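The chain contents come next:
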Amino acid sequence: MTIKHLLQLLSLAALWGGSFLFMRIAAPVIGPAILIELRLLLAALFLLAVATFLKRHLQLRQHWKHYCILGWFNSALPFLLFAYAAQALSASLLSILNATAPIWGTILVALRYKKTITLKVFAGLIAGISGVALLVGFDPAVLAADSWVVIGAALSAALSYGIATCYAQGKSAIEPFANAHGSMWAASLLLLPLLPFFPTQASSDPEIIGSVLLLGIVCTGIAYLFYFRLIAEIGAPSALTVVYIVPVFGVLWGHLLLDEPIGWHTITGGLTILTGVVLVTGFNPLSLWRNRGASYV
């Protein structure tokens, strides 16, 4: 990994960290379902334009079922759950809870392929649970009525990402860009039947409109392009380390732009969760630099 790749990784983390900021701004006003439907459609249209320019084809007849499964568990369901939680939880807390996704993914893959869950992985799971407990138990805003419902929604969103990771094992025959493009269209169609079950309200507020556009085009469409470029250049394992950096930007944007407080429980809980992720996934930051090559530009 070169300095250029590190900067790309930080840029991607900043974009994905910003997604929690924009959901926190827009979801309480226009409703979670319509917000995510617009997010998916805008991202799908953006990726369609890119696919047309690059002459990339989806091969829908062969892969439509795959796009539907991936679109539901990797986009529609987690996006909707996070947007629902964003009506009550801070952007900072949402971004930290999102970091539990690798824990769920590793455990699900271990169970599916009957791999032994080692003591180290078990310790990571305990650390992850402890971190969530710290965040929830010492945050006055979270202790309000029905807080466990929205906390459960956010953790279920992270679990959904884990299910998508487990499902994606062995599906490498389909290129990453096609996965992103196809799954966005599938997710937007699968979410349509749920719209009547969620309250929706139109808004002409420029801040809300800007949040929706930035969430769909920048934090989803453009972010996917960044992500897949990183996968192509440095490999999936290194690109996936972005999950460790996203909470930093989620907390930063929430504090700077929404005046969300950063308490001791935010820092301690976040670091405890990330420690759990490191233990469960076996990630070693030093390994990123062992094969970095000679160029740093």
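Please read these numbers as outputs of a predicted model, since none were measured by experiment.

Moving on: the packing of aromatic side chains. Evaluated as defined, the whole model comprises six aromatic pairs. Ring centres of Tyr-224 and Phe-228 lie 5.6 Å apart, and the angle between their planes is 20 degrees; this geometry places the pair in the stacked category. In this pair, Tyr-224 and Phe-228 are both assigned in helix α9 (residues 206-234), four residues apart and thus about one turn of the helix distant. Comparing Tyr-224 with Phe-228, the two get one shared label, buried. A centroid spacing of 5.6 Å and a plane angle of 45 degrees characterise the contact between Tyr-227 and Phe-228, whose relative ring orientation is tilted. For Tyr-227, a relative accessible area of 13% gives the class buried. One aromatic cluster is present, formed by Trp-16, Tyr-224, Tyr-227 and Phe-228 through successive ring pairs. The ring centre of Phe-79 lies 3.7 Å from the NZ or CZ of Arg-39, which sits over that ring.

Helix length check: helix α2 (residues 32-54), at 23 residues, gives a terminal C-alpha distance of 33 Å against a target of 33 Å (1.5 Å per residue), a fit within 8%. Pro-32, Ala-33, Leu-35, Ile-36, Glu-37, Arg-39, Leu-40, Ala-43, Ala-44, Leu-47, Val-50 and Ala-51 are the residues of α2 that are buried. Where the residues of α2 are buried, they touch α1 (3-30), α3 (60-85), α8 (176-191) and α9. Backbone geometry just after α2 places Lys-55 at a positive phi near 60 degrees.

This paragraph deals with the pattern of salt bridges. With the rule as written, the count across this model stands at one salt bridge. Between Glu-175 and Arg-56 there is a salt bridge, with its nearest N and O atoms 3.2 Å apart. One end of the pair, Glu-175, is in the loop between α7 (147-168) and α8; the other, Arg-56, is in the loop between α2 and α3, with 119 residues separating them in the sequence. By relative accessible area, which is 33% here, Glu-175 ends up partly exposed. Overall, the relative accessible area of 35% leaves Arg-56 in the partly exposed class.

With that out of the way, let us pick up helix α4 (residues 91-98). Within α4, eight of the eight residues are buried, which leaves it mostly tucked inside the rest of the structure. Burial in α4 covers these residues: Ala-91, Ser-92, Leu-93, Leu-94, Ser-95, Ile-96, Leu-97 and Asn-98.

What follows covers the environment of Ser-203. Residue position: Ser-203 is located in the loop between α8 and α9. Those residues in contact with Ser-203, other than ones at most four positions away along the chain, are Val-29, Ile-30, Ile-208 and Ile-209. In this structure the side chain of Ser-203 is engaged in a polar contact, spanning 3.2 Å, whose partner is the backbone nitrogen of Asp-205.

This brings us to the packing of α3 against α7. Interaxial distance between α3 and α7 falls to 8 Å at its minimum, and their mutual angle equals 160 degrees. The angle between α3 and α7 places the two elements in the roughly antiparallel class. As α3 packs across α7, the resulting crossing turns out to be left-handed. Tallied by class, the residues present in the contact of α3 with α7 amount to 21 nonpolar, four polar and no charged.

Analysis parameters
Residues numbered from 1 in each chain as written. Predicted model: local features only at pLDDT ≥ 70, side-chain atom pairs only at ≥ 80, totals over all residues. Heavy atoms only, no water. Phe/Tyr/Trp six-rings, centres within 6.5 Å; stacked < 30°, edge-to-face > 60°. Helix = DSSP H or I, 4+ residues; strand = E, 2+ residues; numbered from the N terminus. Buried < 20%, exposed > 50% of the residue type's maximum accessible area, 1.4 Å probe, protein only. Lys NZ or Arg CZ within 6 Å of the ring centre and 35° of its normal. Expected span 1.5 Å × (residues − 1). Contact = heavy atoms within 4.5 Å. Salt bridge = Lys/Arg side-chain N within 4 Å of Asp/Glu carboxyl O. Polar contact = N/O pair within 3.5 Å; in protein donor to acceptor, adjacent residues only side chain to side chain. Axes fitted to C-alpha atoms, helices over the stretch in contact; angles between N-to-C directions. Parallel < 35°, antiparallel > 145°, perpendicular 65-115°, else oblique. Left-handed = near helix turned anticlockwise from the far one by under 90°. Nonpolar A, V, L, I, M, F, W, Y, C, P; charged D, E, K, R; others polar.

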